Amino acid sequence: MAVDLYYVLASPPCRAVLMGAKLIGIDLNLKLVDISRGEQMSPEFLKINPQHTVPVLDDNGFRLNESRVMLTYLSDKYGKDDSLYPKDLQKRAKIDQLLYFDLEKIATPKRDYFKQHVLGDLPVDEVKFQQITKNFPFLEQILDGAEFVAGDSLSVADVTLVADIANYDVVGIDLKKYPNIDRWYTKCQQVIPDYEEINGKGAAQFKRFWDFLISQKK
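A quick note: this is a predicted structure, and the numbers were derived from the prediction, not measured.

Draft legend 1. Spatial organisation of the pairing of strand E2 (residues 28-32). Bridge count for strand E1 (residues 3-7) against E2 is five bridges, and the pairing is parallel. Within the sheet, the bridge partner assigned to Asp4 lies in E2 and is Asn29. Where the polypeptide runs from E1 across helix H1 (residues 12-24) and back to E2, its parallel neighbour, the crossover connection is right-handed.

Draft legend 2. Just the domain arrangement of the chain, in detail. By the assigned domains, the chain splits into domain 1 (3-78) and domain 2 (89-216). One C-alpha centre belongs to domain 1, the other to domain 2; they are set 20 Å apart. Each partner contributes residues to the interface: domain 1 has 15 residues there, and domain 2 has 28 residues. A per-residue breakdown of the area domain 1 buries against domain 2 is headed by Arg15, Met19 and Arg68, which together make up 37% of the total. Where domain 1 meets domain 2, there are four salt bridges. Arg68 is the salt-bridge partner of Asp102, the closest N and O atoms lying 2.8 Å from each other. At the boundary of domain 1 and domain 2, one finds seven residue pairs in polar contact (both at pLDDT 80 or more). Sorting elements by how many residues they give to the side of domain 1 that touches domain 2 places H1 first, with eight residues. Class assignment of the residues belonging to the side of domain 1 that touches domain 2 gives a composition of eight nonpolar, three polar and four charged.

Draft legend 3. Spotlight on the packing of helix H3 (residues 67-78) against helix H7 (residues 156-170). Two elements in contact, H3 and H7, have axes separated by 10 Å at closest approach and are oriented at 145 degrees. Note on packing geometry: the crossing formed by H3 with H7 is right-handed. Between H3, through Arg68, Leu71, Thr72 and Ser75, and H7, the contact on the second element is made entirely by Val156, Val159, Thr160 and Asp164. Looking at the contact of H3 with H7 residue by residue, the class counts come to three nonpolar, three polar and two charged.

Draft legend 4. A look at the layout of surface pockets. Its volume calculated, the largest pocket comes out at about 1,200 Å³. Looking at the largest pocket, it is lined by 34 residues, and the ones nearest its centre are Ser11, Pro12, Pro13, Ile35 and Val54. Of all elements in the fold, only H1, H3, helix H4 (89-118), H7 and helix H9 (195-216) reach the threshold of two or more residues within the lining of the largest pocket. Looking at which element gives the most residues to the lining of the largest pocket, the answer is H4, with seven residues.

Draft legend 5. Up close: a nonpolar patch on the surface. On the surface, a cluster of nonpolar side chains totalling about 300 Å² of accessible area is made up of Leu119, Phe209 and Phe212. With respect to the element layout, Phe209 can be found in helix H9.

Draft legend 6. Structural detail: the packing of aromatic side chains. Inspection of every chain in the model, using the stated rule, returns 11 aromatic pairs. Note on Tyr6 and Phe45: the rings are 5.9 Å apart at their centroids and 75 degrees apart in plane angle, and the pair reads as edge-to-face. Separated by 39 residues along the polypeptide, Tyr6 in strand E1 and Phe45 in helix H2 (residues 43-48) bring together distant segments of the chain. Like Phe45, Tyr6 is buried. Where Phe114 meets Phe209, the ring centres are 6.0 Å apart and the plane angle is 55 degrees; that geometry is what we call tilted.

Procedures and definitions
Residues numbered from 1 in each chain as written. Predicted model: local features only at pLDDT ≥ 70, side-chain atom pairs only at ≥ 80, totals over all residues. Heavy atoms only, no water. Pairing = 2+ DSSP bridges. Helix = DSSP H or I, 4+ residues; strand = E, 2+ residues; numbered from the N terminus. Right-handed = clockwise from strand over helix to strand, strands pointing away. Domains from an automatic or database assignment. Contact = heavy atoms within 4.5 Å. Buried area = accessible area lost by both parts, 1.4 Å probe. Salt bridge = Lys/Arg side-chain N within 4 Å of Asp/Glu carboxyl O. Polar contact = N/O pair within 3.5 Å; in protein donor to acceptor, adjacent residues only side chain to side chain. Nonpolar A, V, L, I, M, F, W, Y, C, P; charged D, E, K, R; others polar. Axes fitted to C-alpha atoms, helices over the stretch in contact; angles between N-to-C directions. Left-handed = near helix turned anticlockwise from the far one by under 90°. 1 Å grid on protein atoms, 1.4 Å probe; cavity = no way out; pocket = protein on both sides within 12 Å on 5 of 7 lines; lining within 4 Å. Points joined across faces, edges and corners; volume = space filled by probe spheres on them. Patch = residues over 30% accessible without salt bridge, like charges linked within 9 Å, V, L, I, M, F, W, Y side chains within 5 Å. Areas by Shrake-Rupley, 256 points an atom, 1.4 Å probe, with all protein chains shown as cover. Phe/Tyr/Trp six-rings, centres within 6.5 Å; stacked < 30°, edge-to-face > 60°. Buried < 20%, exposed > 50% of the residue type's maximum accessible area, 1.4 Å probe, protein only.

Put into structure tokens, the structure is as follows:
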């Protein structure tokens, strides 16, 4: 039976799972959730995920609603090898650390600004917008002398981070200020299968939504 993924392409966590599945080689049964119509709040969806968030992974009745856990789960269960999420405990621990780093240090500042200043009631604030990159120097240092975030090979940590960085890129953050991040970002675009179809197109969708919401505030 197919593994179902409930998703929205504009969402970085959803795109991370889509890219991870491509790298693992598993075909997901994709179920688009139309949040513009409030489908995430429908009784049918709430039975699947009471937290009404996407993505949701349904592996024949076993459900997960956190993208980083989905990536490690799919890698462990369906990966042809352990290259994306090694079984070596120290290598795995480093990748786990980077998954938490992405969640707290990279994804959260952008998400908070979006919720408060773009989607929410607070006005657009250029000073606060520029502060969403406050943790980029840490990522820049992590990538110093390294091809990928956990070393010399692509891992699930790169997949989740590049999904978030793509959204930073499209809303106007100048990645050229961070040469290591910019180099790595370009490399990920080259080596992840169907990158543009998934991450490029999804980030463009997010940009259109971002621009529309900001235009309503003027």
